[in-house]
Amino acid sequence: MFKKLPRFLQQLLRMLGMAPKPPKIKGLFTENDQATFFSISVQPWHNIIQDNLVTSNCFVLVVSCYKMQKGAEHEFLQFDISSPDKVHTCIVIAERGGGFRGRHRDCSDAMQPANTIAPVDTMTEAATLPDAMTPLLSSLDVAEDPTKSQMGAHDLVSYATLGSRASAELECKCEKATYICTLTFSEKDRLSATQIATLLYVTSKHEPTYSITNTQCYWFIKTMFDALKSLFMSTQEDIMNFPMKPRSAVEVCDKYRVAWAALAEEGEQKRRAEQWQEEERWQEREQHQAAEEAARIEHEKHQADEEQHQAAEEQHQAAEEQHQAAEEQHQAAEEQHQAAEEQCQAAEEEKMKAVERAWAAEDANARLLRDLEALRRKMKG
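If you're wondering where the values come from, they're calculated on a predicted model, not measured in any experiment. (Residues numbered from 1 in each chain as written. Predicted model: local features only at pLDDT ≥ 70, side-chain atom pairs only at ≥ 80, totals over all residues. Heavy atoms only, no water.)

Draft legend 1. Layout of the pattern of salt bridges. Following the criterion strictly, the structure yields 12 salt bridges and no others. With a closest N to O distance of 3.8 Å, glutamate 95 and lysine 173 form a salt bridge. Of this pair, glutamate 95 sits in strand β4 (residues 89–101) while lysine 173 sits in helix α4 (residues 167–175); the two residues are 78 residues apart in sequence, bridging distant segments of the chain. The class for glutamate 95 is buried, based on a relative accessible area of 0%. Across the pair arginine 285 and glutamate 278 runs a salt bridge whose closest N-O atoms are separated by 3.2 Å. Taking the relative accessible area as the measure of exposure, arginine 285 reaches 39% and is therefore partly exposed. For glutamate 278, a relative accessible area of 34% puts it in the partly exposed group. (Salt bridge = Lys/Arg side-chain N within 4 Å of Asp/Glu carboxyl O. Helix = DSSP H or I, 4+ residues; strand = E, 2+ residues; numbered from the N terminus. Buried < 20%, exposed > 50% of the residue type's maximum accessible area, 1.4 Å probe, protein only.)

Draft legend 2. Molecular detail of α4. Among all positions of α4, only Ser167, Leu170, Glu171, Lys173 and Cys174 are buried. Take α4 and look down its axis: the buried residues cluster within an arc of 155°, on one side only. (Arc of directions from axis to C-beta.)

Draft legend 3. Structural detail: helix α5 (residues 193–206). A rise of 1.5 Å per residue sets the reference length of α5, with its 14 residues, at 20 Å; its end C-alpha atoms lie 20 Å apart and thus fit the reference within 8%. In terms of burial, α5 is a largely internal element, 12 of the 14 residues being buried. (Expected span 1.5 Å × (residues − 1).)

Structure, rendered in structure tokens:
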């Protein structure tokens, strides 16, 4: 009852819209309202995790091993993986089942909600399960006749954000199984999601066939568990009931080291390529900025030249206007001088006329005096 209390509180916060949103990291985390968890085969899941650099900052907190209580007592691993900001945790379940005659193949190359994937085998255990869990997770081991040919192993990964709607079924699967053992990782020797994907991939490829007597789910889980202990020496182990480790773990560890070294080299090459691309982009940005700066300076220079030319034009126009004003003033002075001369000439003419009139008056007076003198003489004679 008390184990279900945190889940109830998480569901309550989710229903009230108060639960923080999980990160969008494909292959690990689901949305809070996602109804079902996702399931995918190991190989495509490995590719998804490797292609996302963020997963190298998602670290495994705990690895737990469980055994189903009924039927073929199917075993599986649970990984609790934290988000880069350590606010969220996702639950990842890895397990092996059979279901394909002949060589191994990946049946779920694309991530799908668990309720859209058909069961991978026909194990009779599914009919005796106490709950109605998805057959994909509860019936992975086949009660096979050892005399029959081997089947291709179906190594599956299922995941969801812990505390979300999608994780409820995965958590219930673990609660109804028998706990076997746990590995806890320290801060100095942390296991990333990228590393766990590599180890799962190497283990799956090491024995790609399913055999009920040798390479079944027990072998897969024991090999993974012992490889983790060998590769990460500082892990703390809490063992309840774990049989002898398989010899394949040593070979898987060797293959993991080779694969991880190749992955590290590939990551380094990718990092160098990205660094080179970033340097090229930086140089292009620098050249672009320099070109923009040169264009800006040229534009400013051209604008300054235009302004200087406009100022010169305005000065020239002002000088023209001043010259025109001077010309107009000179013309006005000339007109005034001419008017004065005309007035002076008119005055001279008027004076001349006055003189002429005076002379004419004197001549008239002289004639009149002569006429009067002649008349007086005539009267005396």
